[in-house]
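Here are the chains, one letter per residue:
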Amino acid sequence: MIESHKPLNIVEKHVEVAFSPSTPIGKAVRERIFCLAIEHGFKSNKEFLSFLNEVYRCLASINLKRKFSEKELSIIKVQAAIEETEKILNLLISKIRDLYGVHFPELNSLVKSHMLYAKIIAKIGLRKNFSEERLKEVGVQNKGLSSKIMSLSRSSVGAEIDGGLMENIRKLAQSWLDLHTVLSGLKNKLEEDLMEVSPNLLRIAGLTVSAKLLSITGGLNRLAMLPSSKIQVLGAEKALYKHLKGKGKPPKHGVIFLHPLVRKAKKSDRGRISRVLANKIAIAARIDAFKGENMASDIEKSLKEKVSRITGGKNRNAWARKG
Amino acid sequence: MHGLEKDERCPNLYWLNIKGERKLATKNLVPGFKSVGEEIIKIKGTEYRIWNPYHSKAAAALYNNISLLPLKEGQKILYLGIAEGTTASYLSDIIGWEGAIFGVDCAYKPFEKLLGLSSIRKNILPILSDARNPQSYLSLVPTVDVIYCDVAQPDEVDISIWNAKSFLRKGGFIVTAIKASSIDVVLPPGKVFQREINKYLDEGFQVVEKVELNPFEKNHMMVIIQFK
Ligand SMILES: C[S@@+](CC[C@H](N)C(=O)[O-])C[C@H]1O[C@@H](n2cnc3c(N)ncnc32)[C@H](O)[C@@H]1O
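Keep in mind it's a predicted model, so treat the numbers as computed, not measured.

Draft legend 1. Layout of the pairing of strand 6 (residues 76–80) of chain B. All names here are of chain B. Counting buried positions along strand 6 yields five of five residues, so the element is predominantly enclosed. The side-chain alternation of strand 6 yields two buried faces, one formed by K76, L78 and L80 and the other by I77 and Y79. Taken together, the five bridges between strand 6 and strand 7 (residues 100–105) define a ladder with parallel strand orientation. Following the sheet pairing, K76 is matched in strand 7 by A100. Read as a crossover between parallel neighbours, the route from strand 6 over helix 2 (residues 86–95) to strand 7 is right-handed. Relative to strand 9 (residues 144–149), strand 6 runs parallel, the two sharing four bridges. Paired with L78 across the strands is I147, a residue of strand 9.

Right, here's the structure in full:
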């Protein structure tokens with residue numbers, strides 16, 4: 001049943017019919033298609049069903065492939081949005097720290113976590129509103145830290161600021177928190193999509209590295225075709241060209257430097273670890289692209305063994321899945 | 001042994017007595033094939049597949065004494081939101097080799113499993129499309145006897161009506177699982193059900209039966225609608 005307007009064409013017992021499904025003849029055929037099939041050569045309903053079944057599964061597989069590449073595109077776009085959002089968040093928090101620092105400069109070095117800092121400002125505000133109870137409410141769990149903040153809030157060298165300015169700083173901090181929620185939403189979406197498109201890669205490379213690798217290469221199939229030596233330096237093109245021109249050392253690792261296994265390793269181990277990691281990433285990507293089985297546990301196990309052979313078993317805690 | 005009792009509401013539908021517990025089951029259309037997590041009981045050489053009311057809303061409706069599930073052997077069904085085909089596999093037992101299920105879903109993850117299932121159960125024909133756009137599968141779906149709708153979307157009832165207009169024969173049925181919480185979380189479920197049912201009435205459909213699916217599914221209602 002294909003949309004076109006060729007005339008009827010009778011070949012032996014088989015009838016080739018072309019019509020548009022919404023016309024009256026189309027409607028008539030759609031009402032009687034199972035009878036027509038039997039009248040025109042199919043031996044039984046079951047035989048006709050088997051034929052239809054092949055066709056529908058074939059069509060669905062083609063559509064599935066198309067949908068799949070849409071998902072990959074979404075991954076690349078969402079990753080780009082995440083990177084921009086992170087940049088904005090960093091810029092914004094440094095402005096907030098700057099502004100609020102006028103009033104309470106000591107807090108800047110006491111509270112390193114941006115999230116906690118923003119919460120303190122958004123929910124408590126002026127120094128005179130500080131209390132251990134309210135600090136606990138916004139998530140300062142550590143008693144020592146809490147009493148330190150309290151005592152410094154009393155003895156701070158910061159200036160008084162007026163309520164209007166404080167209100168604006170507070171709103172900025174709230175905006176920062178809201179934007180951070182958006183970021184988490186984007187990351188969840190990214191993880192969901194990666195879980196569907198490349199579960200093995202996701203498990204081995206983590207969220208950020210997986211998404212960046214797919215972005216740089218333009219998709220899973222292309223990533224899966226690359227040798228691991230190339231994967232190892234993806235994202236370090238600048239350093240590579242510099243080296244080829246005779247300036248500087250060859251790069252040991254590109255995007256995969258962001259992986260905790262590499263980042264947290266001793267400097268002298270990083271080259272070897274990133275080579276092993278690139279190797280496993282290549283395997284994971286190929287399984288995702290060509291086999292579609294979930295073999296992440298096996299790959300992960302062998303990766304861990306290789307890494308601990310390099311580090312002499314000292315790097316065990318560096319393994320964190322989400323990067 | 002297992003007491004075996006025919007359920008006259010549908011073909012190939014039975015109740016088995018297993019260790020004092022009555023369980024719904026269908027006669028397996030493709031003996032020898034068993035999906036993951038599925039329980040099969042063999043009696044005198046015939047396989048019966050236990051149909052879990054917690055996994056399938058159609059089974060829940062049968063447990064809750066729905067008087068009619070409009071399914072007969074040889075019927076053509078348009079299934080909206082077929083997902084992995086859990087429920088559809090039982091409907092496939094019921095309608096047999098003379099029937100066909102045209103199964104629509106737009107999500108790509110469950111669809112891979114559905115493709116596997118339909119290669120074994122050849123009376124399930126998979127269609128990867130958006131049920132909100134019946135025109136996109138107009139050339140793939142003939143006139144059908146029943147539309148089974150379980151998309152769990154806020155506009156579920158509208159979706160089933162649009163599809164009925166393109167595909168349902170006169171006298172045919174719509175079976176819709178209405179999930180109150182996916183339509184309106186504020187309004188009490190009873191009010192939501194009434195409002196959704198009214199949509200069918202406004203369009204000239206007839207309400208044949210409605211059954212709530214407690215305790216198997218919370219705040220769900222199965223409605224049987226006829227197109228006169
Ligand atoms: C509650 S699940 C169906 C479970 C299934 N009926 C069963 O009992 O085995 C809902 C399904 O509807 C699908 N769905 C949601 N919106 C859809 C749409 N617009 N078109 C097609 N399928 C849709 C979802 O992908 C999901 O698989």
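Draft legend 2. Layout of the site of the ligand. Residue and element names in this part refer to chain B. Neighbouring the ligand are 17 residues, the closest being Y79, T87, D105, D130 and A131. C106 has a polar backbone atom sitting 3.3 Å from a nitrogen atom of the ligand. The contact in question runs from a nitrogen atom of the ligand to an N or O atom on the side chain of R132, over 3.4 Å. The residue inventory of the shell around the ligand, partitioned by class, reads seven nonpolar, five polar and five charged.

Draft legend 3. Up close: helix 1 (residues 24–39) of chain A. Along its length, helix 1 of chain A reaches its greatest deviation from straightness, about 75 degrees, at I33 of chain A. On the buried face of helix 1 of chain A, the contacting elements are helix 2 (45–101) of chain A together with strand 6, strand 7 and helix 4 (156–167) of chain B. After helix 1 of chain A finishes, the residue G41 of chain A shows a positive phi value of roughly 120 degrees.

Draft legend 4. Focus on the sheet that holds strand 9 of chain B. Residues and elements named next belong to chain B. As summarised here, the arrangement of the seven strands in space is 8-7-6-9-10-12-11, forming an open sheet in which the pairing is mixed. Across the chains shown, the open sheet's two edge strands, defined by having one partner strand only, are strand 8 (124–128) and strand 11 (206–212). Along the sheet, successive strands turn relative to each other by an average axial angle of 15 degrees, direction set aside. Strands strand 6, strand 7, strand 8 and strand 9 of the sheet are contacted by helix 2, whose axis makes an angle of about 165 degrees with strand 7. Strands in contact with helix 3 (residues 108–120) are strand 7 and strand 8; relative to strand 8, the strand with the most contacts, it is inclined by about 155 degrees.

Draft legend 5. Examining the packing of helix 2 of chain A against helix 3 of chain B more closely. It is at 11 Å that the axes of helix 2 of chain A and helix 3 of chain B come closest, and there the two elements cross at 160 degrees. One finds that helix 2 of chain A runs roughly antiparallel with respect to helix 3 of chain B. The two elements helix 2 of chain A and helix 3 of chain B meet at a crossing, and its hand is left-handed. Along the contact surface, helix 2 of chain A presents N53, R57, A60, S61, L64, K67, F68 and K71 of chain A, while helix 3 of chain B presents Y108, F111, E112, L115, S118 and S119 of chain B. Here the residues of the contact of helix 2 of chain A with helix 3 of chain B sort into six nonpolar, four polar and four charged.

Draft legend 6. How the structure looks around the interface of chain A and chain B. Facing the 27 residues of chain A at the interface are 30 residues of chain B. Between chain A and chain B, a total of about 2,500 Å² is buried, with carbon and sulfur atoms accounting for 65% of that surface. The interface formed by chain A and chain B includes zero salt bridges. The interface formed by chain A and chain B contains 10 residue pairs in polar contact (both at pLDDT 80 or more). Among the secondary structure elements, those contributing two or more residues to the side of chain A that touches chain B are helix 1, helix 2 and helix 7 (163–197) of chain A. When residues in the side of chain A that touches chain B are grouped by element, the largest group, 17 residues, is from helix 2 of chain A. Classifying every residue of the side of chain A that touches chain B by side-chain character gives 13 nonpolar, six polar and eight charged.

Definitions and cut-offs
Counting from 1, residues in each chain are numbered in the order their sequence is written. Labels are handed out in written order, letters beginning with A for the chains and numbers beginning with 1 for the ligands. Owing to the predicted nature of the model, reporting of local features is limited to residues with pLDDT of at least 70; listing and counting of side-chain atom pairs is limited to 80 or more, with chain, interface and lining totals taken over all residues. Where side-chain values are given, they derive from all heavy atoms of the structure, hydrogens and water being excluded. Note on classification: 1.4 Å probe, protein chains only; a residue is buried when its accessible area is under 20% of the maximum for its type, exposed when over 50%, partly exposed between these limits. A run of H or I in DSSP becomes a helix once it reaches four residues, and a run of E becomes a strand once it reaches two; helices and strands are each numbered from the N terminus. A pair of strands is considered paired only if DSSP assigns at least 2 bridges between the two. Crossovers are marked right-handed if the path from the first strand over the helix to the second runs clockwise, as seen with the strands pointing away from the viewer. We call a residue near a molecule or strand as soon as one heavy atom of that residue lies within 4 Å of the molecule or strand. Identification of polar contacts relies on pairs of N or O atoms within 3.5 Å, with a donor-acceptor requirement for protein atoms, meaning one able to donate a hydrogen and the other able to accept it, and with residues adjacent in sequence counted only if both atoms are side-chain atoms. For this scheme, ten residues count as nonpolar: Ala, Val, Leu, Ile, Met, Phe, Trp, Tyr, Cys and Pro. Four count as charged, namely Asp, Glu, Lys and Arg, and the remainder, Gly too, count as polar. Here the bend at each residue means the angle between axes fitted to two seven-residue stretches, the one ending at that residue and the one beginning there. The contact criterion used is simple: two residues touch if any of their non-hydrogen atoms lie within 4.5 Å. Each axis is a line fitted through C-alpha atoms, taken for helices only over the stretch in contact, and angles between the N-to-C directions span 0 to 180 degrees. Any angle from 65 to 115 degrees is called roughly perpendicular, while one under 35 is roughly parallel, one over 145 is roughly antiparallel, and all others are oblique. Two helices cross in a left-handed way if the nearer one is turned anticlockwise from the farther one by less than a right angle. They cross in a right-handed way if the turn is clockwise. Values labelled buried area give the accessible surface lost by two parts on being combined, using a 1.4 Å probe and summing over both. Throughout this description, the term salt bridge denotes a Lys or Arg side-chain nitrogen within 4 Å of a carboxyl oxygen of Asp or Glu.

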